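One-letter residues, chain by chain:
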Amino acid sequence: MIAGAASAANDNSAWAATQALSVEHFNKSAYQQIEGSSMSIIADISDTGKPTASQQAGGVLATPVACFEQVSLDAGVKLVFRAANGSVHIAYDPAQINALDARLLTNIYVDFTEGEQVDGLRELGRNAFGDAVGGELYAAVLDMVDRSGDAPGVISRVVELFGQVHAEAPARCSRYGWCVETGVHVEHTGDSVEPLFLEEDRRELLAAGLTHWSKGIRVGFLDQDLTPADARTKVAELRTHLDTVEKLIATAEGAQ
């Protein structure tokens, strides 16, 4: 038998009738495969497709309410649906198609709503097309919605979990105030200080930063990993060089 039911449509009389349908009913001759559909969608051929009084409001057709449920279907048949009396009942096989793709696929053939929250998840999943991690995330949440039949409860719990993850973000390094690493780490790295007066592609040589890897604290400077003492020596040498440069400038000014 079909497991679970979407609570959002419990007050819909047409919906109540669809909840009693069995998997066997979906595979009977009352349904046929849409011609040319490579996705093996099965639709009710007895449905006239004409709007009922409950679907009309001031001459405007209301969007059908949808119920998605997970079932076991024949190989190659990923989902079946029945649209009648202002509701759409969709049964899909999670072994062949995930919860997000079932919705996007059904949406090609029929417009429907599952309420603002679930509709929002569906659209976020649609916009995440090409993003494997994002798509899997929304598919997983929708899967929990379908298995539990409690969309508000699932979404509330997911939001709560995300809030906990954000609140429990790893703290900055407790050993060195200059280290920008977070969480558990054995190698320490600091921010880089760059000579902004130089063109971007020439800053690397004079850039400087702190690290503490396997040989103690080092100062990255002049494309080398220097001990603090060696770094001071290099800075002193650089100052001497700059003094020489200033003398050249003074010579140039005096020759004008």
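Before reading on, note that the structure itself is shown above.
What comes next concerns the included structure. This one's a predicted model, so the numbers in the text were calculated from it and none came from an experiment. (Residues numbered from 1 in each chain as written. Predicted model: local features only at pLDDT ≥ 70, side-chain atom pairs only at ≥ 80, totals over all residues. Heavy atoms only, no water.)

## A short note on the overall build of the protein
Scanning the protein for helices and strands turns up seven helices and eleven strands. Evaluated residue by residue, the protein yields a buried proportion of 34% over its 256 residues. Excluding contacts between residues fewer than 6 apart, the proportion of contacts in the protein whose partners are at least 24 apart in sequence is 40%. Total accessible area computed for the protein in this model is approximately 16,100 Å², and 55% of it derives from carbon and sulfur atoms. (Helix = DSSP H or I, 4+ residues; strand = E, 2+ residues; numbered from the N terminus. Buried < 20%, exposed > 50% of the residue type's maximum accessible area, 1.4 Å probe, protein only. Contact = heavy atoms within 4.5 Å. Areas by Shrake-Rupley, 256 points an atom, 1.4 Å probe, with all protein chains shown as cover.)

## Remarks on the pattern of salt bridges
Close approach of charged atoms allows side chains of opposite charge to pair. Inspection of every chain in the model, using the stated rule, returns nine salt bridges. Here R122 and E123 are joined by a salt bridge, their closest N and O atoms 3.3 Å apart. What makes R122 buried here is its relative accessible area of 6%. Taking relative accessible area as the criterion, E123 reaches 29% and is therefore assigned partly exposed. Linking E123 and R126 is a salt bridge whose minimum nitrogen-to-oxygen distance equals 3.0 Å. Of this pair, E123 and R126 both sit in helix α4 (residues 116-127), separated by three residues, roughly a single helical turn. Here R126 falls in the partly exposed class, since its relative accessible area comes to 31%. (Salt bridge = Lys/Arg side-chain N within 4 Å of Asp/Glu carboxyl O.)

## So, α4
A rise of 1.5 Å per residue sets the reference length of α4, with its twelve residues, at 16 Å; its end C-alpha atoms lie 16 Å apart and thus fit the reference within 8%. Turning to α4, its buried residues number three or more, namely V118, D119, L121, R122 and G125. Buried positions in α4, seen along its axis, are confined to an arc of 155° and lie on one side of it. Seen from the buried face of α4, the exposed residues on the opposite side, beyond 90 degrees, are E116 and N127. (Expected span 1.5 Å × (residues − 1). Arc of directions from axis to C-beta.)

## Quick notes on the sheet that holds strand β9 (residues 208-212)
Strand order across the open sheet formed by four strands is β8-β9-β10-β11, with antiparallel pairing between neighbours. In this open sheet, the two edge strands, each paired with only one partner strand, are β8 (188-189) and β11 (224-226). Those strands touched by helix α7 (residues 228-254) are β10 (217-221) and β11, and its axis lies near 25° from that of β10. (Pairing = 2+ DSSP bridges. Axes fitted to C-alpha atoms, helices over the stretch in contact; angles between N-to-C directions.)

## A word on the environment of R126
Remark: the alpha-carbon pair of R126 and D101, spanning 25 residues in sequence, is separated by 8.8 Å. Excluding residues within four positions of it along the chain, R126 makes contact with L100, L104 and N107.

## Some details on the pairing of strand β7 (residues 87-92)
The buried count for β7 comes to six of six residues, which makes it a mostly enclosed element. Bridging between strand β5 (residues 65-70) and β7 involves six bridges; their strand directions are parallel. Among the inter-strand pairings, F68 is bridged to a residue of β7, identified as I90. Linking two consecutive strands that pair antiparallel, namely strand β6 (residues 79-84) and β7, is a turn of two residues; a positive phi of about 55° is found at N85 within it.

## Here we look at the packing of aromatic side chains
Here the distance between the centres and the angle between the planes together describe a pair of aromatic rings. In the structure shown here, the tally under the stated rule is three aromatic pairs. Between Y176 and W178, the aromatic rings sit 5.0 Å apart at their centres with planes inclined by 25°, giving stacked as the arrangement. Classification of Y176 by relative accessible area gives buried; the value is 15%. Note that R103 overlies the ring of F68, its terminal NZ or CZ placed 4.2 Å from the centroid. The ring of F112 has R122 sitting right over it, with the charged end atom 4.5 Å from the ring centre. (Phe/Tyr/Trp six-rings, centres within 6.5 Å; stacked < 30°, edge-to-face > 60°. Lys NZ or Arg CZ within 6 Å of the ring centre and 35° of its normal.)

## Looking at the side chain of H188
Residue placement: H188 occurs in strand β8. Using a relative accessible area of 4% as the deciding quantity, one classes H188 as buried. At a separation of 3.4 Å, a polar atom in the side chain of H188 contacts the side chain of H185. When residues no more than four places from it in sequence are discounted, the contact partners of H188 are C173, R175, Y176, W178, C179, E181, L210, T211, H212 and W213. (Polar contact = N/O pair within 3.5 Å; in protein donor to acceptor, adjacent residues only side chain to side chain.)

## A word on the state of the cysteines
Throughout the structure, instances matching the rule amount to zero disulfides. Take C173: it sits in no disulfide, and the sulfur closest to it among the cysteines is that of C179, at 4.0 Å. Look at C179 and you get buried, because its relative accessible area is 1%. (Disulfide = S-S within 2.5 Å.)

## As for the nonpolar core
The biggest cluster of nonpolar side chains holds 28 residues, and the ones touching the most others in it are F68, L79, V88, I90 and Y92. In terms of nonpolar packing, the next biggest core, distinct from the first, is built from five residues, V71, L73, V80 and A91 among them. (Core = buried A, V, L, I, M, F, W, Y, C linked by side-chain atoms within 4.5 Å.)

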